Amino acid sequence: MTQFRTSSRPKNPRRLLALALGLGLATAALGTASPASARSTDQASAPTSAVGYVGSAAKSSDKAFFDAVLKSVAKRQAAQPSLKVVTVYYNASQAPSFRSQISSAASIWNSSVSNVKLAATSGGGDFSYYEGSDPSGSYASTNGHGSGYIFLDYAQNQQYDSVRVAAHETGHVLGLPDHYSGPCSELMSGGGPGPSCTNRYPNASERSRVNQLWANGLAKAVAQLDKKG
């Protein structure tokens, strides 16, 4: 594999758990971590889209995951208008092998952007991380019904810089699409530059885009909720 993959092909439902996206969207799945293939099917929900770490050179326009997370955060902001900092909460309990990499990825984004922050939680979050083995590799996924998560593949994280993989997939949470044809200096180029690329940081353009999305997009989402309320 040399590039990330964007696919609408459903994953094996045994590899999926329904996730919570805070405040009534769902409930984060907790308990003993296990490879994706071992998850129970009665709690599974096959994704309608998945944006992978390695795939075709076509630029992904999928934004369903970002929209789901944005909606979750907007509900919290609308319910607590006094909140000064926009925070996206993640649950990494189902990816114990990658807790260090996930923490590093969150720190990278928190030091790179100012309009949104990532924070760990042990309860229901806006999205979750999972680990396991999947021939498709690592990916960010959504089922189109308000649930999203990041899956980290064991083999791929041995082949590629693991922190870069985690930071790249987290970039999807924050609203950035894949751009496989980009240089190594572009975080969202993912696996495009090959396994030798170890850059873990978003470039100036990516940082600016995330700040813009969370300044303008969140305000619009909260305003829409206020109108409905």
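Along each chain, the written sequence defines residue order, and numbers are assigned to residues from 1. Predicted model: local features are reported for residues with pLDDT of at least 70 only, side-chain atom pairs are reported and counted for 80 or more only, and whole-chain, interface and lining totals are derived from all residues. The basis for the side-chain values is all heavy atoms of the structure; hydrogens and waters are excluded.

Draft legend 1. View of the side chain of H168. Secondary structure follows DSSP: runs of H or I at least 4 residues long count as helices, runs of E at least 2 residues long count as strands, and numbering of each begins at the N terminus. Looking at the element boundaries, H168 is found in helix α4 (residues 162–173). Here a polar contact means two N or O atoms within 3.5 Å. Within protein one must be a hydrogen donor candidate and the other an acceptor candidate, and residues neighboring in sequence count only if both atoms are side-chain atoms. A distance of 3.4 Å separates polar atoms of two side chains, one belonging to H168 and the other to H172.

Draft legend 2. Focus on the pairing of strand β4 (residues 117–120). Relative to β4, strand β3 (residues 87–94) is paired through four bridges, and the arrangement is parallel. The residue bridging Y89 from the neighbouring strand is A119, located in β4. Seen with its strands pointing away from the viewer, a crossover is right-handed if its path from the first strand over the helix to the second goes clockwise. Chirality of the crossover, the property in question, places the unit of β3, helix α2 (residues 99–112) and β4 among those that are right-handed. For two strands to be treated as a pair, DSSP must find no fewer than two bridges joining them.

Draft legend 3. Main features of the state of the cysteines. By definition, disulfides here are pairs of cysteine sulfur atoms that lie within 2.5 Å. Applying the stated rule across the entire model yields one disulfide. The disulfide that involves C184 links it to C197, with 2.0 Å between the sulfurs. Across the S-S bond of C184 and C197 the torsion is about 90°, and the bridge reads as right-handed. Here C184 is found in the loop between α4 and α5 (204–228), whereas its partner C197 is found in the loop between α4 and α5, with 13 residues between them in sequence. Overall, the relative accessible area of 27% leaves C184 in the partly exposed class. Whether a residue is buried, partly exposed or exposed follows from its accessible area with a 1.4 Å probe, protein chains only, as a fraction of its type maximum: under 20%, in between, or over 50%, in that order.

Draft legend 4. Examining the packing of aromatic side chains more closely. Two aromatic rings, drawn from Phe, Tyr or Trp (for Trp, its six-membered ring), form a pair once their centres lie within 6.5 Å of each other, and the interplanar angle then sorts them: stacked below 30 degrees, edge-to-face above 60, tilted otherwise. Counted by the stated rule, this structure contains nine aromatic pairs. Here Y53 and Y160 contribute two aromatic rings whose centre-to-centre distance is 5.2 Å and whose plane-to-plane angle is 75°, an arrangement assigned as edge-to-face. In this pair, Y53 sits in the loop between β2 (49–52) and α1 (64–79) while Y160 sits in the loop between α3 (154–159) and α4, placing the two residues 107 residues apart along the sequence. There is no split in this pair, since Y53 and Y160 are both buried. Summarising the aromatic geometry, the rings of Y139 and Y149 are spaced 6.1 Å apart at their centres and angled 70° between planes, so their arrangement reads as edge-to-face. Highlighted residues: Y139 in strand β6 (residues 139–142) and Y149 in strand β7 (residues 148–153), separated in sequence by ten residues. A single burial state applies to Y139 and to Y149, both of which are buried. Here the aromatic cluster, defined as three or more aromatic residues joined through ring pairs, consists of Y130, Y139, Y149 and F151.

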